[in-house]
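# Breakdown of the fold
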Amino acid sequence: MTQHRINTGNHPPIKQYPRRLPLAKKEEAERLVKEMVDNGIIEESSGPWASPIVLVKKKYGSTRFCVDYRKLNEITIKDSYPLPRIDDTLDALNRSQWFSTLDLKSGYWQVEIQLEDKEKIAFTTGQGLWQFKLLNFREPEGQIARWIQRLQEYDFEIQHRKGTSHGNADALSLRPCKESCKHCMNAEKKFGMETDISVKVLTTEDAWSSNEVQKAQLEDPAIRPILEKKLNSQDRPSWQEIAPENTATKRYWALWDALHLKDGVLYRKWESDDGSSCRWQLILPKSRIQEVLRGTHDSASGGHFGVMKTFSKTRERFYWDRLRADVEKWCRQCHACGARKGPKTRTKDRLQRYNVGAPFERMALDILGPLPVTTKGNRSADHEATGCTPADMLFGRTLRLPCDILFGRPSDTPSSPNEYLNNLEARLESVHAFARERINLASERMKTRYDSGATGHHFKEGDKVCMYNPKRRRGLSPKLQQNREGPYTIVKKLNDVIYRVQRSPNAKPKVIHINRLTP
């Protein structure tokens, strides 16, 4: 049987939100959905695709249930198989006398769709996510049937086990396949998946044995004194015995009653505030801290969450001196988090002023509009910074407006051209001096207001920084897009706010303002 295929290539799934419907149409949509469910036309969907519905009134008064697939059609690779030309079809009917038609009820629902493409035509009504399903009994229907079909390749026996006993289910579901796996290897290479530390413990290879963990604890200078005394005796050593040790060892000594040995490995028993539950935290050697933080923050199961979530996830399993400080430092220095989330406070230096002293010394152009049409409105209005009109600054006089001509305005007529030139020169010097003073005051106010938010942070040569350079990709949420790139190296400080940076020794240097750089 012919099956319809929707070829979208490698484009990510498209999810659209449902459109608002009037109450009457909302009830009609629910009725049509229930009717299609009862007739076996649609089923619930759990895929990442979603398109909105459109209700169209037919000419006889009934409602046509449509789905807006325009976004899906835009990314679908079209089939170039040609349709017959209408004129050729009409020519083929030449000299025919009898004609017949065959109309299928809901004709678009008669075409079978490939199983892997069913989720692409899912639609949402605001009350759920649905997809059209196959009407051919030879094909399995629903999610359960799909799993049964896949599991038929294996010899297995289903046994019931309580949900509380499935403590390893999450870790097993995230376990990376071996290199020889033909199903997942390409996906892991594509998305750059990393092996999680919680997964390593479950595997037979690269697992931490008790002997290896004990050896690492004994090699740690902060843990070794406590572990040796625990192995020899359960009695708490005196302060005189611990006083010569470092600060971290003293903090472990303060937790003596909560520290216990399991298979020769030092753990901390951490009880909840109400005492209803407790967890066993592995006292982690310093040599293993980076490996654990990569697993609880950077890996696929870590999710690059913030400080509190990473700290909570790590604290449930491990403990070491200054745990929270190390988690905060790791999250702040994470390049992936910095490129997308950015720092809480952006770098902002003090305002650099450039005050002009004469007309047209510096020109700026604002592109905006459309604005109301005016001929002399701007030139005859006082500027906020200079306190003078543009006409005063350029011509040394105010403009004559239509109202001046209508109602009259006395004019000072000079006695001679030389007097006019002397008066104009004195007038321009006075206006320019007044404007320069006003500009200095205005720029001082602006600098004070701007500098109140300055961070005063500066970089020196050799510092590693990230550059703010947002890039927007269509179809991807701005929260998931990368706003910063790097790391760059500070090559030279050109002035107070301008730096020359370089990404690699062979890359072309860039000159960047400090406000676009973050540590």
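The structure presented is a predicted model; accordingly, all values stated were derived computationally and were not measured.

Take the sheet that holds strand S3 (residues 51-57) next. Pairing is mixed in the open sheet, where five strands are placed in the order S2-S7-S6-S3-S4. The open sheet terminates on both sides in strands that have one partner only, identified here as strand S2 (42-44) and strand S4 (63-67). Inspection of the sheet shows S3 paired to S4 by five bridges, in the antiparallel sense. Pairing of lysine 57 across the sheet is with threonine 63, part of S4. Set on the sheet, helix H1 (residues 23-38) makes contact with S2, S3, S4, strand S6 (123-124) and strand S7 (129-132); between it and S4 the angle comes to about 80 degrees.

Enumeration according to the criterion identifies 16 salt bridges in this entry. Lysine 34 serves as the salt-bridge partner of aspartate 38, at 3.1 Å between the closest nitrogen and oxygen. Of this pair, aspartate 38 and lysine 34 both sit in helix H1, four residues apart, which is roughly one turn of the helix. Like aspartate 38, the residue lysine 34 is exposed in the burial classification. One salt bridge in this structure joins glutamate 241 and lysine 229, with 3.6 Å as the shortest N-O distance. Here lysine 229 lies in helix H9 (residues 224-232) and glutamate 241 lies in helix H10 (residues 239-242), a separation of twelve residues in the sequence. A relative accessible area of 42% means that glutamate 241 is categorised as partly exposed. A network of salt bridges, in which partner residues are shared, links Arg19, Asp68 and Arg70.

What the rule picks out here adds up to five aromatic pairs. Seen from their ring centres, tyrosine 252 and tyrosine 319 are 6.4 Å apart, and the 75 degrees between their planes marks the pair as edge-to-face. With tyrosine 252 in helix H11 (residues 247-254) and tyrosine 319 in strand S11 (residues 318-319), this residue pair connects regions lying 67 residues apart in the sequence. Comparing tyrosine 252 with tyrosine 319 shows no difference in burial state: the two are buried. For the ring pair phenylalanine 459 and tyrosine 499, a centre distance of 5.9 Å and an interplane angle of 80 degrees mean the geometry is edge-to-face. In this pair, phenylalanine 459 sits in the loop between helix H18 (417-451) and strand S12 (464-468) while tyrosine 499 sits in strand S14 (residues 498-502), placing the two residues 40 residues apart along the sequence. Of the two residues examined, phenylalanine 459 and tyrosine 499, each falls in the buried class.

Thresholds, definitions, all that
Here the residue numbering is sequential within each chain, running from 1 through the sequence in written order. Under the rules for a predicted model, residues below a pLDDT of 70 receive no local features and side-chain atom pairs below 80 are neither given nor counted, while totals for whole chains, interfaces and linings still include all residues. Only heavy atoms go into the side-chain values, all of them from the structure, while hydrogens and water stay out. Pairing between two strands requires that DSSP report at least two bridges joining them. Here a helix means four or more residues in a row that DSSP labels H or I, a strand means two or more in a row labelled E, and each is numbered from the N terminus. Whether two residues are in contact is decided by their heavy atoms, any of which lying within 4.5 Å being enough. All axes here are fitted lines through C-alpha atoms, helices being fitted over the stretch that makes contact, and every angle between N-to-C directions spans 0 to 180 degrees. Here a salt bridge means any side-chain nitrogen of Lys or Arg lying within 4 Å of a carboxyl oxygen belonging to Asp or Glu. Accessible area is worked out with a 1.4 Å probe on protein chains only. A residue is then buried under 20% of its type maximum, exposed over 50%, and partly exposed in between. Side-chain rings of Phe, Tyr and Trp (the six-membered ring for Trp) are treated as a pair once their centres are within 6.5 Å; stacked means planes under 30 degrees apart, edge-to-face means over 60, and tilted covers the remaining angles.

Function cannot be inferred from these measures alone, as they are strictly geometric.
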